[in-house]
Amino acid sequence: MRKLAAGNWKMNGLKADLAEIAALVGAHSGADCDVLICPPATLLAPMAEAAAGRIAIGGQDCHAKTSGAHTGDISAQMLKDAGASAVILGHSERRADHGESDADVAAKSLAAYAAGLTAVICVGETEAERDAGSTLEVIGAQLAGSVPEGATALNTVIAYEPVWAIGTGRTPTLEQIAEVHDVIRETLGKAFGEEAKGMRLLYGGSVKPSNAEEIFAVSNVDGALVGGASLKARDFGAIIAALETAGIEA
Ligand SMILES: O=C[C@H](O)COP(=O)(O)O
């Protein structure tokens, strides 16, 4: 399967930062893995133009409906229209800041499919849940509630992001990442059969150039969803290079 390096710019980036995309496209448009950058909505269209189809561009959220009286929201169709081919859904920051439930994430995923976007559906446990020994149970429930019927290897990517590892510089052990990713693959297999084998499973949470190689060598890790280290072409480029190497060695 082709690996995926996805960058989530979160609420960062001004027009001046489009230079990072130009640098990334210049250096990595022929990469031996897929590259996706999800900028804030204000930069979607100019970034898609700068990327010129050589790397993929995605949104960070979408509404479950296609249009209507929903001030401040963006539909999947609008993301597509602006040049996106994917959308991150159910990120823990959306779940925490906007009270998004698994059912909301499932509804948004269906909207993404209908618009022809790939849904990058995020799951992950809090530190308290890990300490309580309920990580696998939490992930299982999030998958069951957030990944809708109709999910395929083409339209769905799952990102495992332990909440306590996001932006903290802390990461799970490689064994802990393997344990969760293996369970995600198995759980998806029970729900979606053969399709699950081709669904890409990304790890996210404090991925950086210095730890990317060892994380990409872990079983069932098919790429990464990178926050802070995706903001600079140089750092993200190093992560892309580590993923390309992992793909060749696999
Ligand atoms: O979506 C990306 C993740 O939340 C990871 O963020 P981070 O790489 O800054 O820890």
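Residues numbered from 1 in each chain as written. Predicted model: local features only at pLDDT ≥ 70, side-chain atom pairs only at ≥ 80, totals over all residues.

The name given to the protein chain in an unreviewed UniProt entry is Triosephosphate isomerase, with the source organism recorded as Thioclava litoralis. In UniProt, the protein chain has this text filed under Sequence similarities (unreviewed entry): "Belongs to the triosephosphate isomerase family." (UniProt positions renumbered as here; feature names shortened; annotations may be inferred.)

A. Seen up close, the pairing of strand S4 (residues 86–89). What you see with S4 is no split at all: Ala86 and Ile88 on one side and Val87 and Leu89 on the other are buried throughout. Note: strand S3 (residues 56–59) against S4, two bridges, orientation parallel. Each bridged residue has a counterpart across the sheet, and for Gly58 the counterpart in S4 is Ala86. For the crossover that starts at S3, traverses helix H3 (residues 76–81) and ends in the parallel S4, the hand is right-handed. As judged from the four bridges shared by S4 and strand S5 (residues 118–123), these two strands associate in the parallel manner. From the neighbouring strand, Val87 faces S5, where its bridge partner is Ala119. (Buried ≥ 20, exposed ≤ 12 C-beta atoms within 10 Å, placed from the backbone. Helix = DSSP H or I, 4+ residues; strand = E, 2+ residues; numbered from the N terminus. Pairing = 2+ DSSP bridges. Right-handed = clockwise from strand over helix to strand, strands pointing away.)

B. The arrangement of the nonpolar core in detail. Ranked by size, the top nonpolar core spans 72 residues in total, and within it Ala6, Val87, Val120, Ala224 and Ile239 carry the most contacts. Residue contacts for Ala224: discarding those within four places in its chain leaves Ala5, Ala6, Leu202, Tyr203, Gly204, Val207, Ala212, Ile215 and Ile239. (Core = buried A, V, L, I, M, F, W, Y, C linked by C-beta atoms within 7 Å. Contact = placed C-beta atoms within 7 Å.)

C. Structural detail: the site of the ligand. Taken together, 14 residues form the shell around the ligand, and within it Asn8, Ile166, Gly204, Gly227 and Gly228 come nearest. Tallied by class, the residues present in the shell around the ligand amount to five nonpolar, eight polar and one charged. (Near = placed C-beta within 6 Å. Nonpolar A, V, L, I, M, F, W, Y, C, P; charged D, E, K, R; others polar.)

D. Local environment of helix H5 (residues 102–115). The terminal C-alpha atoms of H5 lie 20 Å apart, and with 14 residues this matches the ideal 20 Å at 1.5 Å per residue to within 8%. Val105, Ala106, Lys108, Ser109, Ala111 and Ala112 are the residues of H5 that are buried. Among the structural elements, H3, S4, S5 and helix H7 (135–146) are those in contact with the buried residues of H5. Directly beyond the C-terminal end of H5, a positive phi value near 85° is found at Gly116. (Expected span 1.5 Å × (residues − 1).)

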